[in-house]
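Reading the structure
One letter stands for each residue in the lines below.
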Amino acid sequence: MPTIFTHAFIPIALGKTISTEKRPLRFWLAAVLCSVVADADVITFAFGIEYGDFLGHRGFFHSLCFAFILSMVMALWEFRKLKLFSKPWWKIWFFFFVVTASHGILDTFTNGGLGIALLSPFDTTRYFAPWTPVMVSPIGARSFFTPWGLAALASEFLWIWMPLIIALIITKTYRRIRKQVATK
Ligand SMILES: [Zn+2]
């Protein structure tokens, strides 16, 4: 997995890039939760479930199907004031789907561990992207501040944070220029 910081950065960067709408803190917390929650599946190790099992680490909880279910729950529960299946409702659902799915997809770009069961439960094959530039980060908080943990952070910064930050800067600059042109 990339580290929890990197997964959590996805909804913030994505949300700020695609929309200028002000959202309450609750919204961002829910989005961050969706982007990191898949790795709670490491808890299954404690129950004797193997890494490669259906419910093992990077298994069903990293799949697109799980992302679909969780984003539906989020949209139905968190945004129940919105008219069900209206355009704004679908937009919120889609954002939460992408944010949740980003976790498993991002993990496929890492260079270690088992692949990701993206299509589970329909197909339990563990997938990797054809290109895996992101160094896999250690599991567990203690191994985080080791040379491995730091090297993983550096590789995530280069391959994930930098492109997202650049996209955000370009979008913000573009919006500012457009606003200036419009007020002239
Ligand atoms: Zn993961």
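Refer to the structure above for everything that follows.
Of all hydrophobic cores here, the largest spans 17 residues; its most connected members are Cys-34, Ala-67, Leu-70, Met-74, Phe-96 and Val-99. Within the residue set of this core, elements represented by two or more residues are helix H1 (4-18), helix H2 (25-36), helix H3 (64-78) and helix H4 (87-107). With six residues, the top contributor of residues to this core is H4. If we skip the residues at most four places from it in the chain, Ala-67 touches Phe-97, Thr-100 and Ala-101.

Another point: the packing of H1 against H2. Where H1 meets H2, the axes come as close as 8 Å, and the angle between the chain directions of the two elements is 135 degrees. Looking at the two axes, H1 sits oblique to H2. Where H1 crosses over H2, the two elements pack in a sense that is right-handed. Residues Ile-4, His-7, Ala-8, Ile-10, Pro-11, Ile-12 and Gly-15 of H1 lie in contact with H2, whose contacting residues are Trp-28, Ala-31, Val-32, Ser-35 and Val-36. A per-class count over the contact of H1 with H2 returns nine nonpolar, three polar and no charged.

Residue placement: Ile-49 occurs in the loop between H2 and H3. Separated by 32 residues in sequence, Ile-49 and Thr-17 have C-alpha atoms that sit 39 Å apart. Ignoring anything within four residues of it in the chain, the contact list for Ile-49 reads Thr-44, Leu-55 and Gly-56.

On to H4, then. With 21 residues, H4 ought to run about 30 Å at 1.5 Å a step, and its terminal C-alpha atoms sit 30 Å apart, in line with that. For H4, the complete set of buried residues consists of Ile-92, Phe-95, Phe-96, Phe-97, Val-99, Thr-100, Ala-101, His-103, Gly-104, Leu-106 and Asp-107. Tucked into the core, H4 has its buried residues touching H1, H2 and H3.

What follows concerns the packing of H3 against H4. Relative to each other, H3 and H4 sit at 140 degrees, their axes nearing to 8 Å. One way to sum up the angle between H3 and H4 is to call them oblique. You can see that H3 and H4 cross each other, and the crossing is right-handed. Taken together, the residues of H4 that come into contact with H3 (itself represented by Leu-64, Ala-67, Phe-68, Leu-70, Ser-71, Met-72, Met-74 and Ala-75) are Trp-89, Ile-92, Trp-93, Phe-96, Phe-97, Thr-100 and Ala-101. Tallied by class, the residues present in the contact of H3 with H4 amount to 13 nonpolar, two polar and no charged.

What counts, and where the lines are drawn
- Residues numbered from 1 in each chain as written.
- Predicted model: local features only at pLDDT ≥ 70, side-chain atom pairs only at ≥ 80, totals over all residues.
- Core = buried A, V, L, I, M, F, W, Y, C linked by C-beta atoms within 7 Å.
- Buried ≥ 20, exposed ≤ 12 C-beta atoms within 10 Å, placed from the backbone.
- Helix = DSSP H or I, 4+ residues; strand = E, 2+ residues; numbered from the N terminus.
- Contact = placed C-beta atoms within 7 Å.
- Axes fitted to C-alpha atoms, helices over the stretch in contact; angles between N-to-C directions.
- Parallel < 35°, antiparallel > 145°, perpendicular 65-115°, else oblique.
- Left-handed = near helix turned anticlockwise from the far one by under 90°.
- Nonpolar A, V, L, I, M, F, W, Y, C, P; charged D, E, K, R; others polar.
- Expected span 1.5 Å × (residues − 1).

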